[in-house]
Amino acid sequence: MKKKRSLLFGILLISVLSTTLLASCDKDTWCYLEVTVKDIETQQPVEGAWVKIDMDGSTINDLGQTNSSGTYATKFAAPAIFNVTSRLDFVDTVNPTIKFYREGIKSIRLKEGETVEATVIIESDRIRGNADFTEI
């Protein structure tokens, strides 16, 4: 009787430990980022704004545009500190060859298994220059 009880206890212990170990393997290790871009003047979300995510200013880690809600979502495999630059391009209505843009910049820290929500405010000053976002 005592052997049966010990055997059952051993099986139960192994079951509990293996379940715990297997559950920890399913842990979400991705780092999620949701960037909302807003206009400084209206405080409204901006659709179609470019969002560039980089670490050192030269290598782009991710690039995309905001959706109709002014949001761009992405994920990374490891935690890091990133610069998030958002840019809205304009073309002069009088002279279409002249291009302008407005931008906003923010630093963020991603955390493993978490969604970081960041808001980047696009400044009101228009900067004359090339509208090609990848040349920033």
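Located above this text is the structure these notes cover.
What counts as what
Residues numbered from 1 in each chain as written. Predicted model: local features only at pLDDT ≥ 70, side-chain atom pairs only at ≥ 80, totals over all residues. Heavy atoms only, no water. Helix = DSSP H or I, 4+ residues; strand = E, 2+ residues; numbered from the N terminus. Contact = heavy atoms within 4.5 Å. Areas by Shrake-Rupley, 256 points an atom, 1.4 Å probe, with all protein chains shown as cover. Pairing = 2+ DSSP bridges. Phe/Tyr/Trp six-rings, centres within 6.5 Å; stacked < 30°, edge-to-face > 60°. Lys NZ or Arg CZ within 6 Å of the ring centre and 35° of its normal. Core = buried A, V, L, I, M, F, W, Y, C linked by side-chain atoms within 4.5 Å. Buried < 20%, exposed > 50% of the residue type's maximum accessible area, 1.4 Å probe, protein only. Axes fitted to C-alpha atoms, helices over the stretch in contact; angles between N-to-C directions. Polar contact = N/O pair within 3.5 Å; in protein donor to acceptor, adjacent residues only side chain to side chain.

Caption draft 1: Structural context of the overall build of the protein chain. A tally of regular secondary structure across the protein chain gives one helix and eight strands. Going from N to C terminus, the protein chain has its helices and strands arranged as α-β-β-β-β-β-β-β-β. Sequence separation of at least 24 residues holds for 61% of the intrachain contacts in the protein chain that already meet a minimum separation of 6. Carbon and sulfur atoms make up 55% of the accessible area of the protein chain, which totals about 9,000 Å².

Caption draft 2: Inspection of the pairing of strand S5 (residues 81-91) at higher detail. Direction of pairing for strand S2 (residues 50-54) relative to S5: antiparallel, over a ladder of five bridges. Bridge pairing in S5 places Trp50 opposite Arg87. Bridging between S5 and strand S6 (residues 99-109) involves 11 bridges; their strand directions are antiparallel. Residue pairing across strands places Phe90 opposite Phe100, the latter belonging to S6.

Caption draft 3: Spotlight on the packing of aromatic side chains. The tally for this structure, following the rule as stated, stands at one aromatic pair. Over the ring of Trp30 we find Lys75; its NZ or CZ atom is 4.3 Å from the centre of that ring. Directly above the aromatic system of Tyr101 lies the positively charged group of Arg87, at a separation of 3.5 Å from the ring centroid.

Caption draft 4: Layout of the nonpolar core. With 20 residues, the main nonpolar core has Leu33, Ile53, Val84 and Leu110 as its most contacted residues. Excluding residues within four positions of it along the chain, Leu33 makes contact with Ile53, Tyr72, Ala73, Thr74, Phe76, Val84, Ile108, Leu110, Val116 and Ala118.

Caption draft 5: Seen up close, unusual backbone geometry. Residue Gln43 is not a glycine yet carries a positive backbone phi of 60°. Following the sequence through the fold, Gln43 ends up in the loop between strand S1 (31-39) and S2. We classify Gln43 as partly exposed; its relative accessible area is 41%.

Caption draft 6: Representation of the sheet that holds S1 within the structure. The mixed open sheet is built from three strands, whose spatial order is S4-S1-S7. Among the strands making up the open sheet, the edge pair consists of strand S4 (71-76) and strand S7 (115-122). The sheet shows a mean angle of 20° between the axes of neighbouring strands, direction not considered. Relative to S4, S1 runs antiparallel, the two being bridged by six bridges. Of the residues in S4, the one forming a bridge with Leu33 is Thr74.

Caption draft 7: Region of interest: the side chain of Thr66. Tracing the sequence through the fold places Thr66 in the loop between strand S3 (60-65) and S4. For Thr66, a relative accessible area of 6% corresponds to the buried category. In this structure the side chain of Thr66 is engaged in a polar contact, spanning 2.6 Å, whose partner is the backbone oxygen of Val46. Separated by 3.0 Å, the side chain of Thr66 and the backbone nitrogen of Gly48 make a polar contact.

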